[in-house]
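For reference, the chains in residue letters:
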Amino acid sequence: MSTWLNKWDPEDNEFWEKEGKKRAWKSLWITTITLIFSFATWFMMSAVVVKLPGIGFKFTTDQLFWLAAMPGLAGGTLRIIHTFLIPIYGTRHVITIATFIKLLPVIGIGLAVMDTSTPFWVFMILAFTSGFGGGDFSSYMPSTNLFFPKRLKGTALGIQAGIGNFGVSVAQFMTPVMIGLASYGAAEVFTSIDPKEATATISAVDSTRHAEIFTSLDTAIQSKLIGALEKKKDSILKAHNGNKLEAFVAIPAKMKAKVISKINPKAGAKILRQYDESTVAVKEKNIWLQTASFWYIPFLLIMTFVCWFTLKSVPVKASIREQLDIFKDKHTWFCTITYVMTFGGFAGLSAAFPMLIKSLYGNFPNAPDPLAFAFYGPLIGSASRVIFGFIADKTGGAVLTTLCGIGMITGTVMLASMGLVAPTSMEQFPMFVGVMLGLFFFTGIGNAATFRQYPIVFAHNQRQAAGVIGWTGAIAAYGPFIFSASLGAIIGSKGNANSFFWGLMAFAVLATVINWYYYQRKGCERPS
């Protein structure tokens, strides 16, 4: 079976209408379907991590953020490699192998969550392998860019990237659905604690019983409780001359309930049952967390066969050495900055959103389920990317990228200045979600706009344009790693995310100014 096409000239209208159009659109739809599963498996861990403590894994909040971050580190690194693969191996081989290899994290994570003794380092390795799905993008986009004429590149790239981005929502929406379905392996008992009911349970006993319960706990749990209390009320130990027992007994029931709810749910449930064996504060249900991973297997196998037997490769070849010429052009770096703002923002917020909800709002009474809200963000960002891909072909990309920047600056200022990422009650949650969804909407606009821009910025050399699309996608794919790791460290040390969003605002200002100066203003170097 021949892999490489003999001829490909989409700018020739006769060739396009007679032969090119049908093959280009066929290739687009097949690769777009596989790209959905690339994004889904890439963000699978971000949906799984919020459930790990509830089934008995004793990972810290910082470790959970690292598990959400690791696929981003892998995805960005692998995208750098993918940037150069299409001109060497061609669409058919690269896309087929990329689809098949995602079975490794899908099977591995499914097996790992079935055993609560699985060590953290194993999860870190599996989280890294889920980055295989993130790396694909920098092969898919250059491939599609080669198949379509200039007048349709914004539409084609917007469709593929936008629909592919829906994979993030697939992972975050399907995870709570699939964990309720039995599959290979036994169910796990998922435990959660209601802080309001926990307060009632703790209030019902006298001080002597508080002391007995604290004394019965092992020293590690005692330290976690007191450590959490210190973050809530710094003077607690000092007021009792460093006596942990007296400090624990003296604090109000509501504060006790809050910190007990914050530690590992299994440990918190054990403590609460010492207060009252029949407490209704502890909620338990059976889940099959492995199903959230295993359900991808048949789809990946089917698409592997479809890709191998239907895709062809455009005859544009170049060695890695030849492709390195993109780094001599300053516009490669300017485009990288703007795409880190747009797609880096989309991917980073997508990966961090579930843990952001859990860590900032998870300890209030009637706390929200992160996965009940998190999938809306990627869904909105993906939809706006598809819609504005068509619009970008009409308006040009630069003006929409500037619009994206203004939207991101406004949203980040609102989050940090209105206390939405340093909340004091659940009353702030609706506004927090609304502003976050607004950020996703504007990143979608920017993602569509930039991929319309780059082929125009590099219109003098379409091979370079494809390379820049791959490279910018690679660097922006570090967004999940940067966002999750940074938020985990900042929230862990400060208890809020204000400084992170002020920093994100500053970067959005820089990227927006670069875009306006070089690509939008009157007399700019490369109008787009």
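So, here's what we can say about the structure.

Here is what the cut-offs are and how they apply
Residues numbered from 1 in each chain as written. Predicted model: local features only at pLDDT ≥ 70, side-chain atom pairs only at ≥ 80, totals over all residues. Heavy atoms only, no water. Helix = DSSP H or I, 4+ residues; strand = E, 2+ residues; numbered from the N terminus. Rg over C-alpha atoms; globule rule 2.2 N^0.38 Å. Buried < 20%, exposed > 50% of the residue type's maximum accessible area, 1.4 Å probe, protein only. Contact = heavy atoms within 4.5 Å. Salt bridge = Lys/Arg side-chain N within 4 Å of Asp/Glu carboxyl O. Core = buried A, V, L, I, M, F, W, Y, C linked by side-chain atoms within 4.5 Å. Phe/Tyr/Trp six-rings, centres within 6.5 Å; stacked < 30°, edge-to-face > 60°. Polar contact = N/O pair within 3.5 Å; in protein donor to acceptor, adjacent residues only side chain to side chain. Expected span 1.5 Å × (residues − 1). Axes fitted to C-alpha atoms, helices over the stretch in contact; angles between N-to-C directions. Parallel < 35°, antiparallel > 145°, perpendicular 65-115°, else oblique. Left-handed = near helix turned anticlockwise from the far one by under 90°. Nonpolar A, V, L, I, M, F, W, Y, C, P; charged D, E, K, R; others polar. 1 Å grid on protein atoms, 1.4 Å probe; cavity = no way out; pocket = protein on both sides within 12 Å on 5 of 7 lines; lining within 4 Å. Points joined across faces, edges and corners; volume = space filled by probe spheres on them. Patch = residues over 30% accessible without salt bridge, like charges linked within 9 Å, V, L, I, M, F, W, Y side chains within 5 Å. Areas by Shrake-Rupley, 256 points an atom, 1.4 Å probe, with all protein chains shown as cover.

## Some thoughts on the overall build of the protein chain
Consideration 1: The number of helices and strands found in the protein chain is 27 helices and two strands.
Consideration 2: Over its C-alpha trace the protein chain gives a radius of gyration of 25 Å, about what one expects of a compact globule, namely 24 Å for 528 residues.
Consideration 3: Taking the principal axes of the C-alpha coordinates as reference, the protein chain spans close to 90 × 50 × 35 Å.
Consideration 4: When each of the 528 residues of the protein chain is scored for burial, the buried share is 59%.
Consideration 5: Residue pairs in contact within the protein chain that sit at least 24 positions apart in sequence constitute 85% of those at least 6 positions apart.

## Focus on the pattern of salt bridges
Consideration 1: On inspection of all chains with the given rule, the structure shows three salt bridges.
Consideration 2: Across the pair Asp369 and Lys51 runs a salt bridge, and its minimum N-O distance is 3.9 Å. Of this pair, Asp369 sits in the loop between α20 (330-361) and α21 (370-373) while Lys51 sits in the loop between α2 (44-48) and α3 (61-82), and the two are 318 residues apart along the sequence.
Consideration 3: For Lys51, a relative accessible area of 6% translates into the label buried.
Consideration 4: Note that Asp136 and Lys102 form a salt bridge whose closest N and O atoms lie 2.6 Å from each other. A residue pair is termed long-range when its members are at least 10 positions apart, and Asp136 in the loop between α7 (132-135) and α8 (137-147) and Lys102 in the loop between α4 (86-101) and α5 (103-112) qualify at 34 residues.
Consideration 5: Given a relative accessible area of 1%, Asp136 falls into the buried group.

## Notes on the nonpolar core
Consideration 1: The biggest cluster of nonpolar side chains holds 111 residues, and the ones touching the most others in it are Leu52, Phe432, Met436 and Phe501.
Consideration 2: Setting aside residues up to four positions removed in sequence, Met436 forms contacts with Leu349, Phe353, Leu356, Leu415 and Phe501.
Consideration 3: Formed by 21 residues, the second largest nonpolar core is a distinct cluster that contains Phe248, Ala257, Ile263 and Ile271.

## Let's talk about the environment of Thr175
Consideration 1: On the secondary structure map, Thr175 appears in helix α9 (residues 150-178).
Consideration 2: For Thr175, a relative accessible area of 1% translates into the label buried.
Consideration 3: When the C-alpha positions of Thr175 and Ala267 are compared, they lie 25 Å apart, and in sequence the two are 92 residues distant.
Consideration 4: Excluding residues that lie within four positions of it along the chain, Thr175 makes contacts with Ala47, Val170, Ala292 and Leu371.

## Quick notes on the packing of aromatic side chains
Consideration 1: For the structure shown, the criterion picks out 35 aromatic pairs.
Consideration 2: Ring geometry for Trp333 and Trp471: centres 5.8 Å apart, planes at 85°, overall edge-to-face. Taken as a pair, Trp333 in helix α20 and Trp471 in helix α25 (residues 462-476) lie far apart in primary sequence, 138 residues in all.
Consideration 3: Relative accessible area serves as the criterion here: at 39%, Trp333 is assigned to the partly exposed category.
Consideration 4: Residues Tyr517 and Tyr518 carry aromatic rings whose centres are separated by 5.0 Å and whose planes lie at 80° to one another, so their mutual orientation is edge-to-face.
Consideration 5: By relative accessible area, Tyr517 is classed as partly exposed at 39%.
Consideration 6: Through successive ring pairs, a cluster of aromatic residues spans Phe39, Trp42, Phe43, Tyr339, Phe343, Phe346, Phe353, Tyr361, Phe429, Phe432, Phe440 and Tyr454.

## Observations regarding the side chain of Ser293
Consideration 1: Along the polypeptide, Ser293 turns up in helix α17 (residues 291-294).
Consideration 2: With relative accessibility at 1%, the residue Ser293 sits in the buried group.
Consideration 3: For Ser293, the side chain forms a polar contact with the main-chain nitrogen of Gly110, separated by 3.4 Å.
Consideration 4: Those residues in contact with Ser293 that lie beyond four places of it in its chain are Met44, Pro105, Val106, Ile107, Ile109 and Gly110.

## Details of α25
Note: α-helices contain 3.6 residues per turn, so residues at a spacing of three or four share the same orientation.
Consideration 1: Its 15 residues place the ends of α25 21 Å apart at the C-alpha level, agreeing with the 21 Å of an ideal helix rising 1.5 Å per residue.
Consideration 2: With 12 of 15 residues buried, α25 is to be regarded as a mostly interior element.
Consideration 3: Every buried residue belonging to α25 is among Gln464, Ala465, Ala466, Gly467, Val468, Ile469, Gly470, Trp471, Thr472, Gly473, Ala474 and Ala476, and all of these are buried.
Consideration 4: Of the surrounding elements, those touching the buried residues of α25 are α3, α8, α9, α20, α24 (429-457) and α26 (479-494).

## Observations regarding the environment of Phe346
Consideration 1: Take Phe346: it is sitting in helix α20.
Consideration 2: Residue Phe346 is classed as buried on the basis of its relative accessible area of 0%.
Consideration 3: Expressed as a C-alpha distance, the spacing of Phe346 and Ser382, which sit 36 residues apart in the sequence, is 9.0 Å.
Consideration 4: Once residues lying within four places of it in the same chain are set aside, the contact partners of Phe346 are Asn165, Val168, Pro378, Gly381, Ser382, Phe440, Thr443 and Asn447.

## Let's talk about the packing of α8 against α25
Two measures define how a pair of helices packs: the angle their axes make with one another and the distance between the axes.
Consideration 1: Closest axis-to-axis distance for the α8/α25 pair is 8 Å, and the angle between their directions is 155°. The pairing of α8 with α25 is recorded here as roughly antiparallel in orientation. When you trace α8 past α25, the crossing you get is right-handed. Here Phe137, Ser138, Met141, Pro142, Asn145 and Leu146 of α8 come into contact with α25, specifically with Gln462, Ala465, Ala466, Ile469, Gly470, Gly473 and Ala474.
Consideration 2: Residue composition of the contact of α8 with α25, by class: eight nonpolar, five polar and no charged.

## Focus on the layout of surface pockets
Remark: the empty space left among the atoms is shown by a probe the size of a water molecule rolled over them.
Consideration 1: What the second largest pocket holds in volume is close to 260 Å³.
Consideration 2: Lining the second largest pocket are Lys58, Leu217, Asp218, Ala220, Ile221, Lys224, Asn264, Lys266, Ala267, Lys270, Ile271 and Gln274.
Consideration 3: If you tally residues by element for the lining of the second largest pocket, the top one is helix α16 (residues 265-275), at five residues.
Consideration 4: The residue makeup of the lining of the second largest pocket, split by class, is five nonpolar, two polar and five charged.

## Overview of the environment of Ala269
Consideration 1: Here Ala269 lies in helix α16.
Consideration 2: C-alpha of Ala269 to C-alpha of Thr472: the two residues are 203 residues apart in sequence and 47 Å apart in space.
Consideration 3: Residues contacting Ala269, with those up to four places away along its chain left out, are Thr191, Ile193 and Val282.

## Let's talk about a nonpolar patch on the surface
Consideration 1: A cluster of nonpolar side chains, contributed by Ile107, Leu111, Met114 and Tyr184, occupies part of the molecular surface with about 380 Å² of accessible area.
Consideration 2: Positionally, Met114 belongs in the loop between α5 and α6 (120-129).
Consideration 3: Relative accessible area serves as the criterion here: at 31%, Met114 is assigned to the partly exposed category.

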